[in-house]
Amino acid sequence: MTGKGMFAADVSFPRQLHMRIVRSPFAHGLIRSIDTQTASALPGVVAIWTGDDVADIPPIDFRLTRIEGLESYRQHVLAQNRVRYVGEPVAAVFATDAYVAEDAADLVDLEIEELPVTLDASDAPTEFEPGRLTEPAVIRKGYGDVDGAFGAAHAVVELDLSIGRHSGVPMETRGAIGRYDAARDILEMYGAAKVPHWNRDQLARMLGRDRTAMHLHEGHVGGGFGIRGELYPEDVLVCAAALRLGRPVKWIEDRREHLIAANHSRQQCHHVRAAIDVEGRILGIENEFFHDQGAYVRTHAATVPDLAAAMLLGPYRIPNYRAVGHIRLTNKTPAGTYRAPGRFESTFVRERLMDAIAARAGITPVEARRRNLIASAEMPYKRPIDTLGTEVVLDSGEYAGLLDKALKRIGWTTLQDELKSRRAKGELVGAGLGIFVEKSGLGPFDNVKITVDPGGAVEIVTGAASVGQGVETVIAQICADTLGVDFDRIRVIHGQTDRIDEGLGAFASRVTVMTGEATRLGALKVRQKATEMAAELLQCTVDELGIVNGEIRKTAKASGPSISLAEIARHLLPTSKTRGSREPGLTGEGWFFSNHMNYPYGVHVAVVSLDRETGHVAVERYLVAYDIGRAVNPMLVEGQIAGGFAQGLGGTLFEEFTYDERGEPMNVTFADYLMPTAREVPALDVLICEDAPSPLNPLGLKGAGEGGTNAVGAAIASAIDDALGVPGAVTQLPVTPQRMRDILDRVLPEKR
């Protein structure tokens, strides 16, 4: 900890105003009037906007997975005539002081006619507005003869499962500062994260500006997790206000706002069934699910249900498949992505199904999985479905091999004996597992610009973003290895839209794969240019030269003439007489394009014990085995997995947004929204493997951002079943103490 970080709250400008949002206290209602007269009279208040003041600003558009039918369900930056969830922005107050802005917001008088609410996505659709229902779209994916598979089945296993609503809760809440530089006609936003370039383009479009007149600046970010950095109403409002009021405008979200206004995620209900043969091999799967999207469709559009439908198949050979996903609007906070979106949910469903198949076939859960795993000889394995605009082709994998390694690492056989002995003494203890396939490296492109200055320092400018995952370290490592320079001489610039014109940011576990390969390609160009110049100066051929620690020398000689990259950079200055006809500057630009994602995979194993009286689930041991293709920085990979595990644990046992019958959120502080602390998170064993490098990039890279989260719900649910000795006992996440007590009452009443 150096205290040198610069987060959004640390950014301030002279004469800045502070924005406070007036939010709807009702889950659904018609706005009859908004009285701002008293609030406007408060000294220090500069302006108060309502929906009428920003009616010319279009609703926020989709960034990913746009499908037909969703456009009419986008959110305006301030409510237009109707509110649809508690916390929806209704008015914006701009004042000279943050406290004055908050006081003025309290004085804004809202008259809202309350309307009936829709809170259950599995209920029949209601009217969203005249002519539109609360089911804007249905996702359908599938292949093969599903009906034929069920007709020929030895047995059918079916389950009803649900995943609770929760989300990312970064240490740093959201924040944005808009500033308009009239002299240059540049509108800036500070506090950008995750996807600055896309947000730049959208802000420019919404505010009627050229994108070259819009600059976004990313600072340090206190956690991303899918939720930070998407374009929200508040981001648009500070920019619009800076432009119209002619003063910088700052907004920092408080924790209550974060819990009711930033994206929620996960909530789905599934009815899934599998057709199996007599040996427990899967003949087909059919899955119908209801995705609770909340009040509006935000930037992620159909990303989460689309991924849930596409990734439910995991590492298994499924000859026939049909998925129907209903996207349903409710009067809750709008939903978006959260770490491993659609996979935490679908892995829980699939692995619950695998345990049920094991029970039905009379085999162990491990054996049920072994019989259905795709073999490494079948790679690449193409599935006739798509997601995120790409075909699903599992690029490489040693699934059975990783399962073996995981079971060996945890000591599965010995563990079973130990658990049996403890259960004989009356303890409720068990072990379970979950296997999953992740996805990473989403394209279609990434690029970097690399420059060696005359002092020998290397600067990499990238359109990737850093949300605390170690982007700077990984990119510098790849450049250092490729270019042959000291890691400490490299500076990585990211998240600055005025430094590089294109960029796709950081999401979908893409940065190491896409930006990493672009960096390697850019560094190769710099290396080639440097060695060509050096060959001329040293009177040799390029093939005779290598670069070590920033010095170019003949590889066949340990000593002899050499020349540094700094000297080469000076020879390539525009005024240099030795440059010849070469372009000035020791620079290179790397572009990497990819039309396919790659697919890392993993195995989670959990050991839990249950408290009969309190319903507490204690996680005694936890292993994550993960094949990443190639680990650029194993310590960072392990950190990603550990952090993801803690968040998965939260969604499995603790975290849930609940609402009362009027749609009032019940979890608006940390006293109500229960998150795991260091006490609840056990020591984690991480096994990183590199058995299946990706053939889709020369370094063999795959992503690591979401593998720690993916199968936590699945593995712990399986372990609880094992502790109870009742397959299928867990059907709902999170397994809160109250739910665990209900399960104990239901399945083991004699032991309560």
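Structure: see above.
Criteria and cut-off values
Residues numbered from 1 in each chain as written. Predicted model: local features only at pLDDT ≥ 70, side-chain atom pairs only at ≥ 80, totals over all residues. Heavy atoms only, no water. 1 Å grid on protein atoms, 1.4 Å probe; cavity = no way out; pocket = protein on both sides within 12 Å on 5 of 7 lines; lining within 4 Å. Points joined across faces, edges and corners; volume = space filled by probe spheres on them. Helix = DSSP H or I, 4+ residues; strand = E, 2+ residues; numbered from the N terminus. Nonpolar A, V, L, I, M, F, W, Y, C, P; charged D, E, K, R; others polar. Pairing = 2+ DSSP bridges. Axes fitted to C-alpha atoms, helices over the stretch in contact; angles between N-to-C directions. Contact = heavy atoms within 4.5 Å. Core = buried A, V, L, I, M, F, W, Y, C linked by side-chain atoms within 4.5 Å. Buried < 20%, exposed > 50% of the residue type's maximum accessible area, 1.4 Å probe, protein only. Polar contact = N/O pair within 3.5 Å; in protein donor to acceptor, adjacent residues only side chain to side chain. Expected span 1.5 Å × (residues − 1). Left-handed = near helix turned anticlockwise from the far one by under 90°. Phe/Tyr/Trp six-rings, centres within 6.5 Å; stacked < 30°, edge-to-face > 60°. Lys NZ or Arg CZ within 6 Å of the ring centre and 35° of its normal. Salt bridge = Lys/Arg side-chain N within 4 Å of Asp/Glu carboxyl O.

**A closer look at empty space enclosed by the protein**
All told, the structure shown has five cavities of 30 Å³ or more when counted by the stated rule. Computed from the structure, the largest cavity encloses a volume of approximately 100 Å³. Among the elements that line the lining of the largest cavity, the one with the most residues is strand S12 (residues 186-192), at three residues. Classifying every residue of the lining of the largest cavity gives five nonpolar, four polar and four charged.

**Remarks on the sheet that holds strand S21 (residues 445-452)**
The strands making up a sheet associate through hydrogen bonds between their backbones, and the pairing can be parallel or antiparallel. If you walk across this open sheet you meet the four strands as S23-S22-S21-S27, and the pairing is mixed. At either end of the open sheet lies a strand with only one pairing partner, and these are strand S23 (490-494) and strand S27 (586-593). With direction set aside, neighbouring strand axes in the sheet form an average angle of 20°. Here S21 runs beside strand S22 (residues 458-462); their pairing, made up of five bridges, is antiparallel. Among the inter-strand pairings, isoleucine 450 is bridged to a residue of S22, identified as isoleucine 460. Contacting S21, S22 and S23, helix H12 (residues 471-483) crosses the sheet at an angle of about 135° to S23. Across the face of the sheet, helix H13 (residues 511-538) comes into contact with S21, S22 and S27 while running at roughly 145° to S27.

**So, the sheet that holds strand S6 (residues 109-114)**
As summarised here, the arrangement of the three strands in space is S4-S2-S6, forming an open sheet in which the pairing is antiparallel. Because the sheet does not close on itself, it has two edges, and the strands there are strand S4 (82-83) and S6. Two strands pair when backbone bridges link them, and strand S2 (residues 29-35) and S4 are joined in this way by two bridges, in the antiparallel orientation. Within S4, the residue paired with leucine 30 across the bridge is arginine 82.

**Details of the nonpolar core**
Counting 154 residues, the largest nonpolar core has Ile716, Ile720 and Leu724 as its most contacted members. Ranked by residue count, the leading element in this core is helix H17 (residues 712-724), at eight residues. Leaving out residues up to four positions away in the same chain, leucine 724 has contacts with Leu610, Ala729, Met740, Ile743, Leu744, Val747 and Leu748. Judged by nonpolar contacts, the second largest core, of 43 residues, contains Ile450, Val474, Ala506 and Val513.

**Regarding the side chain of serine 167**
Among the structural elements, serine 167 can be located in the loop between strand S10 (155-163) and strand S11 (175-181). Engagement of the side chain of serine 167 in a polar contact is seen with the backbone oxygen of asparagine 263, the distance being 2.6 Å. Serine 167 has contacts with Ile227, Asn263, His264, Ser265, Tyr338, Glu655, Phe657 and Tyr673, leaving out every residue within four places of it along the chain.

**Points about H13**
For H13, built from 28 residues, the straight-helix expectation of 40 Å at 1.5 Å per residue is met to within 8% by its first-to-last C-alpha distance of 38 Å. Looking at the residues trailing H13, positive phi occurs at glutamine 539, about 55°.

**A look at the pairing of strand S1 (residues 17-23)**
Within S1, seven of the seven residues are buried, which leaves it mostly tucked inside the rest of the structure. Burial of the side chains of S1 extends over both faces: Leu17, Met19, Ile21 and Arg23 are buried on one face and His18, Arg20 and Val22 on the other. Bridge analysis of S1 against strand S14 (residues 249-252) gives two bridges, and the strand direction is parallel. Bridge pairing in S14 links histidine 18 to lysine 250.

**With respect to the packing of H12 against H13**
In contact at an axis separation of 9 Å, H12 and H13 are set at 35° when each is read in the N-to-C sense. Regarding H12 and H13, the two cross each other, and that crossing is right-handed. Across the interface between the two elements, Val471, Val474, Ile475, Ile478, Cys479, Thr482 and Leu483 of H12 pack against Val511, Thr512, Thr515, Gly516, Thr519, Arg520, Ala523, Leu524, Val526 and Arg527 of H13. The residue makeup of the contact of H12 with H13, split by class, is ten nonpolar, five polar and two charged.

**Structural notes on unusual backbone geometry**
Note that the residue after methionine 379, namely proline 380, is joined by a cis bond; omega there is -5°. For proline 380, the location among the structural elements is in the loop between helix H9 (365-372) and strand S18 (381-387). Cis peptide bonds are those with omega within 30 degrees of zero, and the linkage from leucine 733 to proline 734 qualifies with -5°. Following the sequence through the fold, proline 734 ends up in the loop between strand S31 (732-733) and helix H18 (737-747).

**Points about the packing of aromatic side chains**
With the rule as written, the count across this model stands at eleven aromatic pairs. Centre to centre, the rings of phenylalanine 13 and tyrosine 190 are 5.2 Å apart; their planes meet at 55°, and the pair counts as tilted. Taken together, the residues span a long stretch of sequence, with phenylalanine 13 in the segment before S1 and tyrosine 190 in strand S12 at a distance of 177 residues. With respect to burial, phenylalanine 13 and tyrosine 190 carry one shared label: buried. When the centroid spacing of 6.2 Å and the interplanar angle of 20° are considered together, the rings of phenylalanine 436 and tyrosine 626 count as stacked. With phenylalanine 436 in strand S20 (residues 428-437) and tyrosine 626 in strand S29 (residues 617-627), the pair connects residues that are 190 residues apart, well separated along the chain. By the ring-pair criterion, three or more aromatic residues cluster together here, those being Phe445, Trp591 and Phe593. Looking at arginine 63, its charged tip hangs above the ring of phenylalanine 507, at a distance of 4.3 Å from the centre.

**Considerations on the pattern of salt bridges**
Counted under the stated rule, the structure contains 62 salt bridges. Between lysine 702 and aspartate 395 there is a salt bridge; the shortest N-O distance is 3.9 Å. Placement of lysine 702 in the loop between strand S30 (685-689) and helix H16 (707-710) and of aspartate 395 in the loop between strand S19 (390-394) and helix H10 (399-410) is noted, with a sequence separation of 307 residues between them. Taking relative accessible area as the criterion, aspartate 395 reaches 6% and is therefore assigned buried. The partner of aspartate 691 in a salt bridge is lysine 405, with the nearest N and O atoms 2.7 Å apart. Taken together, the residues span a long stretch of sequence, with aspartate 691 in the loop between S30 and H16 and lysine 405 in helix H10 at a distance of 286 residues. Take aspartate 691: its relative accessible area is 37%, and that puts it in the partly exposed class.

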